[in-house]
Structure formats: structure tokens, C-alpha cells
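# Chain and residue survey
Letter by letter, the chains look like this.
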Amino acid sequence: MSLPVPAPARFLASAEPGTRVVVRYRIEGGLTDALGHLLACDAGSCTVRTRQSDVVIPLELVVAAKEVPPAPPSRRPARA
């Protein structure tokens, strides 16, 4: 008997690549978030491009996921 697919995994599987998302997932010692653009999602994992790197997240570790609005524009650096 197979387990039902959790709602966050269903959202990620149906989201278009390029959608800006936040994905909360389990890591050793707690939870963490990946905020960025969804690159891909298959039956076992999703890939999110964050500011630092591409993060591959196993879907069985995902506890929440949702679409988020575009990032605010960057502020200009203060003049010296």
C-alpha cells in the first residue's frame, strides 16, 4: 500500500519551473528553508536556486512549500 502524497510535494510537482518558492524541510537537528526559484521537480526531489547555490531537496524531507512574491528591488548602497 502506498502512502498518500503530502500536499507540499503535490504543490512542488505542479508548480511551473521558474516559480519563486520557499520550501521548509527537515535537516539533522531541525528544519531549514530554501527560498528561491524552482528549477525542477521529479518523483523524488526538487531543486531550488537560492542566492547561494542550487539546493536539491528530497521530497520526503519537505514539510511545507508555497509560492512567494518576487524579491523586492535591491537598495542602492549608501554613499560614503
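Here we summarise the structure given alongside this text. (Residues numbered from 1 in each chain as written. Predicted model: local features only at pLDDT ≥ 70, side-chain atom pairs only at ≥ 80, totals over all residues. Heavy atoms only, no water.)

## Notes on helix 1 (residues 7–14)
Since one α-helical turn is 3.6 residues long, residues separated by three or four positions face the same way. For helix 1, every residue scored as buried is listed here: Pro8, Ala9 and Leu12. Projected down its long axis, helix 1 carries its buried residues within an arc of 95°, all on one side. Exposed side chains of helix 1 directed beyond 90 degrees from the buried face belong to Ala13 and Ser14. (Buried < 20%, exposed > 50% of the residue type's maximum accessible area, 1.4 Å probe, protein only. Helix = DSSP H or I, 4+ residues; strand = E, 2+ residues; numbered from the N terminus. Arc of directions from axis to C-beta.)

## Here we look at the pairing of strand 3 (residues 45–49)
Most of strand 3 is tucked away, with 4 of its 5 residues classed as buried. Bridging between strand 2 (residues 30–41) and strand 3 involves 4 bridges; their strand directions are antiparallel. In the sheet register, cysteine 41 faces strand 3, and the bridge partner there is cysteine 46. Counting the residues between successive antiparallel strands, the hairpin from strand 2 to strand 3 contains 3 residues. Pairing of strand 3 with strand 4 (residues 54–58), which is carried by 5 bridges, proceeds in the antiparallel orientation. (Pairing = 2+ DSSP bridges.)

## Focus on the environment of threonine 19
Structurally, threonine 19 can be placed in the loop between helix 1 and strand 1 (20–27). For threonine 19 and valine 48, which are 29 residues apart along the polypeptide, the C-alpha to C-alpha distance reads 9.6 Å. With residues near it in sequence (within four places) discarded, threonine 19 still touches Gly36, His37, Leu38 and Glu67. Polar contacts involving the side chain of threonine 19 include one to the main-chain carbonyl oxygen of glutamate 16, which spans 2.6 Å. (Contact = heavy atoms within 4.5 Å. Polar contact = N/O pair within 3.5 Å; in protein donor to acceptor, adjacent residues only side chain to side chain.)

## Notes on the environment of glutamate 16
As for its placement among the helices and strands, glutamate 16 is situated in the loop between helix 1 and strand 1. The sequence separation of glutamate 16 and leucine 38 amounts to 22 residues, and the corresponding C-alpha distance is 7.6 Å.

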